[in-house]
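# Examining the three-dimensional arrangement
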Amino acid sequence: MAKKSLIYREKKRQKLEQKYHLIRRSLKKEISEIPSLSEKWKIHGKLQSPPRNSAPTRLHRRCFSTGRPRANYRDFGLSGHILREMVQACLLPGATRSSW
């Protein structure tokens, strides 16, 4: 189980990303439309002014049940070992164990 502080930090990052999403998108659109380089630099400076934690690249997917940040499957929202345990216990409909 992940520390609660790390999970709350990740939730805070998600809220910041949603808050500044439209601002970032509009500034990036302006950069692509303006031909002059000096104007692009000014807009790029504005793009750097929001908090760092509001950048979408800082977000991590976490396991729904344990909060583990690594080895997550997007389809299920679970980490690998929790997914395997649930498949073996027949808790996920449609998922089967592979054997060869």
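Definitions and cut-offs
Residues numbered from 1 in each chain as written. Predicted model: local features only at pLDDT ≥ 70, side-chain atom pairs only at ≥ 80, totals over all residues. Heavy atoms only, no water. Domains from an automatic or database assignment. Contact = heavy atoms within 4.5 Å. Buried area = accessible area lost by both parts, 1.4 Å probe. Core = buried A, V, L, I, M, F, W, Y, C linked by side-chain atoms within 4.5 Å. Buried < 20%, exposed > 50% of the residue type's maximum accessible area, 1.4 Å probe, protein only. Helix = DSSP H or I, 4+ residues; strand = E, 2+ residues; numbered from the N terminus. Salt bridge = Lys/Arg side-chain N within 4 Å of Asp/Glu carboxyl O.

Let us now look at the domain arrangement of the chain. Interface size is often expressed as the accessible area that is lost when the parts come together. What the domain assignment reports for the chain is domain 1 (1-58) and domain 2 (60-99). Between the C-alpha centres of domain 1 and domain 2 the distance comes to 30 Å. Facing the six residues of domain 1 at the interface are five residues of domain 2. Carbon and sulfur atoms supply 49% of the area that domain 1 and domain 2 bury against each other, a total of about 480 Å² over both sides. Its largest share of buried area at the contact with domain 2, domain 1 owes to Met 1, Ala 2 and Glu 10, together 63% of the area lost on that side.

In this section: the nonpolar core. In terms of nonpolar packing, the biggest core is built from six residues, these being Cys 63, Leu 78, Ile 82, Leu 83, Val 87 and Leu 92. It is helix 3 (residues 80-88) that contributes the most residues to this core, three residues altogether.

Attention now moves to the pattern of salt bridges. This model, assessed by the stated rule, comprises two salt bridges. Residue Arg 13 pairs with Glu 10 through a salt bridge whose shortest N-O separation is 3.7 Å. Linking Arg 13 with Glu 10, this pair stays in helix 1 (residues 4-33), spanning three residues, or about one helical turn. Here Arg 13 and Glu 10 have matching classes, each one buried. Put simply, Lys 42 and Glu 39 hold a salt bridge, and the shortest N to O gap is 3.9 Å. Remark: Glu 39 and Lys 42 occur in helix 2 (residues 37-47); sequence separation between them is three residues, near one turn of the helix.

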